[in-house]
Structures are given as C-alpha cells and as structure tokens.
Amino acid sequence: MVAKIIDGHAVARQVREECRAQVQALATRGVVPGLAVIMVGDNAASKVYVANKTKACAEVGLKSTVYSFDAETPGSVVEAEILRLNADPTVHGILVQLPLPAHFDARRVLGAISSDKDVDGFHLYNVGALVQGETVFPPCTPYGVQKMLEHEGIPVEGQNVVVVGASNIVGKPMALMLMQKDATVCICHAKTRDLAQFTILADILVVAAGRPNLIVPQMVRTGAVVIDVGINRLPDGRLVGDVDFEGVRQKASYITPVPGGVGPMTVTMLVYNTVQAAQRHSPL
Ligand code: L34
C-alpha cells in the first residue's frame, strides 16, 4: 500500500475560501476582523511562522498587526500591551507566539488575554471548555489536523488514535478533541516505555514529539493514517517531521508531508478562529 499524501496547502486553501466569504459578509457591516500578534525575542522559527500568519491574514482580508518586543522586556510590559489590546474594539483576536523567553511566566501572560479574543485557545477558560467538549476557540494545530481528517472523509468515531507528544499546544488538546469525537485515544510521550507497542495499535497516528525519524515503518500498522505535526530543521537546512516519510508512506493509507502538511493548516485555523471571533463580536 502506498499512502495518499494529504496536501495541507490544498485543504488550507479551501478553508481560506470559506473565511473569505465570511470576511466579505462582515465587510458589508463595516467590520474588518483584526488580529494582534505578540512576539517576544528573536526566535528564527517564530519569525517564519508569524510571517506566514500575517500573509494568510492579508490574503483573506483580515487586518493583522505584529507587536515585537525584545527578549529582555519585562513581563509586565507585555501584559500591559495585552490589556490595551483587550480593550481595543478593532482587535478581535490576540495571540502570543510561543515559546516566550525563559524568564517569562507564560501561563500568566496567556492568562492576561481576554478569553473571547483568545484565538489560540490557550487561556485556562478555553482549555476548560475544551475538556468539557464545548470548544470556544480550538487550538489551531489540532484544529487543523481535525479539518484535514474531515476533508479526507476519514472517520474518527470508534477508531484507535495514538497521539505521540503530550504538549499543551498540540498533544493534549488533540487528544481531547478526538476523544470528543468518540475515538479511543492513547497519549504517549518522551517517558513512554516501548513506544512501538502503542503506535502499532493506531488507526490514526498523530505525532508531535519534535524528533526526526522517531516513527519508522515497523511502528505503523498497515493502512494507518499518519499525521506528522513535527517540524525539525536538520543541520543541512532540510525541514523534516517526526516520521520517516519515505518508509512509512509505503505502509500507511494517508500521510501528511513536512513541510506542506499540518503547518499551513495551523496558520489557516488561526485565520478561521479570528473570523469567528469577529462574527461573535459583531452579531447580525
Ligand atoms: N501561540 N505559538 C502560539 N500559537 C501557535 O499556533 C504556535 N505554533 C507552533 C509554535 N508556536 C505557537 C505555530 O504557529 C507551531 N506553529 C507553526 C506555524 C506555522 C508553521 C509551522 C508551525 C508553518 O508555516 N510551517 C510550514 C513551513 C515553515 C518553514 O519553512 O519553517 C510548513 O509547510 O509546514
């Protein structure tokens, strides 16, 4: 079996088309969805990701503004900026690009974002809503994965899902979202003993561990759906996921590439959530 490659750019394009129609409807009422992106420090990957986000916003007709602070900025200064943005009616979504420099209390900074502008879904209120199955703003990366599965018509109900990686940004919310759709979910992480024993059970394998070649063909069931959320830059400059793509492709039924898989969906679901925020803020 050779897997079908799920083209993240193609799925993203379709979701953005939907967003554009909603943006046009909002425009007739004089509303332009606004996104504020806060970036602290000089992380090279963050710069690329944020640039992709602002480009996607422009493409769909949102107004995005990036607020950059240097790494030494006190947390209180960033928090004050967030409070100002919370009160700005032209800003519908606020996100703080992670990771923050080490001296920041990330929980505190994220907690400053008004939960109705928290388009990343990282505020405790939104995390709690996700646990209860009443998502307000589902976090963009797992939301993007869910959209890809839906787009390909891949059923989730009753399926064995194994999530490798238990981060707050990807693994945990991904597990909750798929559990809500009645999958049987298992979360593995860096301390899991004999990872292969779990991954081999997966009908849908979602990998977000940040380790190149962590998943090799022997660990994958024939016909499994393999979603690679990892992004690793190799010393030679190549960008790869966590999955041995060429090997696993021969065994899976679907696979996502890196780049061009989940990454473009993360960016697009941020646009989607921001449009939702603007709609909720400006009801008909
Ligand atoms: N607050 N921090 C916050 N929200 C997020 O949703 C993120 N994430 C993760 C890191 N920190 C965050 C992102 O934005 C990861 N992430 C992200 C965003 C965009 C891309 C990948 C990850 C992306 O555009 N990936 C491209 C390749 C980019 C490249 O050339 O490096 C791709 O095709 O996969």
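I will try to describe carefully the structure that is included in this document. Since the structure is predicted, the reported quantities are computational estimates derived from the model, not experimental observations. (Residues numbered from 1 in each chain as written. Predicted model: local features only at pLDDT ≥ 70, side-chain atom pairs only at ≥ 80, totals over all residues. Heavy atoms only, no water.)

### What to know about the site of the ligand
Taken together, 19 residues are adjacent to the ligand, and Asn 52, Lys 53, Val 96, Asp 120 and Gly 260 come closest. Val 96 is positioned such that a nitrogen or oxygen atom in its backbone is 2.7 Å from a nitrogen atom of the ligand. Gln 97 is positioned such that a nitrogen or oxygen atom in its side chain is 3.3 Å from a nitrogen atom of the ligand. In this structure the site holding the ligand corresponds to the largest pocket. Among the elements of the structure, helix 2 (44-60), strand 4 (93-96) and helix 10 (262-281) are those that each provide at least two residues to the shell around the ligand. In terms of residue class, the shell around the ligand is built from 11 nonpolar, five polar and three charged. (Near = heavy atom within 4 Å. Polar contact = N/O pair within 3.5 Å; in protein donor to acceptor, adjacent residues only side chain to side chain. 1 Å grid on protein atoms, 1.4 Å probe; cavity = no way out; pocket = protein on both sides within 12 Å on 5 of 7 lines; lining within 4 Å. Sits in = over half its atoms within 2 Å of the grid points. Helix = DSSP H or I, 4+ residues; strand = E, 2+ residues; numbered from the N terminus. Nonpolar A, V, L, I, M, F, W, Y, C, P; charged D, E, K, R; others polar.)

### A look at the pattern of salt bridges
Enumeration according to the criterion identifies nine salt bridges in this entry. The salt bridge partner of Asp 236 is Arg 238, with a shortest N-O separation of 3.3 Å. (Salt bridge = Lys/Arg side-chain N within 4 Å of Asp/Glu carboxyl O.)

### Let's talk about the layout of surface pockets
By volume, the largest pocket amounts to about 1,300 Å³. Surrounding the largest pocket, 48 residues form its lining, Tyr 49, Thr 141, Ile 231, Gly 263 and Thr 266 being those nearest its centre. Only helix 1 (8-27), helix 2, helix 6 (140-151) and helix 10 provide two or more residues apiece to the lining of the largest pocket. The leading source of residues in the lining of the largest pocket is helix 2, at 10 residues. Its residues assigned to classes, the lining of the largest pocket shows 25 nonpolar, 13 polar and 10 charged. In this structure, the second largest pocket occupies an estimated 260 Å³ of space. What lines the second largest pocket is a set of 15 residues, among which Arg 107, Phe 122, Val 127, Asn 168 and Ile 169 lie closest to the centre. If you list the elements that add at least two residues to the lining of the second largest pocket, you get helix 4 (106-112), helix 5 (124-131) and helix 7 (171-180). Broken down by class, the residue content of the lining of the second largest pocket amounts to 11 nonpolar, two polar and two charged. (Points joined across faces, edges and corners; volume = space filled by probe spheres on them.)

### Some thoughts on the pairing of strand 7 (residues 204-207)
Burial along strand 7 is two-sided: the face carrying Ile 204 and Val 206 and the face carrying Leu 205 and Val 207 are both buried. Here four bridges tie strand 5 (residues 160-164) to strand 7, and the two strands are oriented parallel to one another. Pairing of Val 164 across the sheet is with Val 207, part of strand 7. Of the pairings in the sheet, the one linking strand 7 to strand 8 (residues 225-228) comprises four bridges and is parallel in character. Residue pairing in the sheet places Leu 205 in a bridge with Val 226 of strand 8. (Buried < 20%, exposed > 50% of the residue type's maximum accessible area, 1.4 Å probe, protein only. Pairing = 2+ DSSP bridges.)

### Some details on the side chain of Ser 282
On the secondary structure map, Ser 282 appears in the segment after helix 10. Among the polar contacts made by the side chain of Ser 282, one reaches the main-chain carbonyl oxygen of Ala 278 at a distance of 2.9 Å. Ignoring anything within four residues of it in the chain, the contact list for Ser 282 reads Arg 29, Val 31 and His 92. (Contact = heavy atoms within 4.5 Å.)

### Here we look at the sheet that holds strand 11 (residues 254-255)
Strands sit in the order 1-11-8-7-5-6 across an open sheet of six strands; the sheet is parallel. Unpaired on one side and paired on the other, strand 1 (4-5) and strand 6 (184-188) mark the two borders of the sheet. Pairing of strand 8 with strand 11, which is carried by two bridges, proceeds in the parallel orientation. Bridging across to strand 11, Val 225 finds its partner in Tyr 254.

### Re the pairing of strand 4
Residues Gly 93 and Leu 95 point to one face of strand 4 and Ile 94 and Val 96 to the other, with burial holding for every one of them. Two strands pair when backbone bridges link them, and strand 2 (residues 34-40) and strand 4 are joined in this way by four bridges, in the parallel orientation. Among the inter-strand pairings, Val 37 is bridged to a residue of strand 4, identified as Leu 95.

### Some thoughts on the nonpolar core
Counting 51 residues, the largest nonpolar core has Leu 149, Ile 204, Ile 227, Val 229 and Val 271 as its most contacted members. With 10 residues, helix 10 is the largest single contributor of residues to this core. When sequence neighbours within four positions are dropped, the list of residues in contact with Ile 204 reads Leu 149, Ile 154, Pro 155, Val 156, Gln 159, Asn 160, Val 161, Val 162 and Val 225. Judged by nonpolar contacts, the second largest core, of 18 residues, contains Val 162, Val 164, Leu 205 and Val 248. (Core = buried A, V, L, I, M, F, W, Y, C linked by side-chain atoms within 4.5 Å.)

These values are about where atoms sit, not about what they do.
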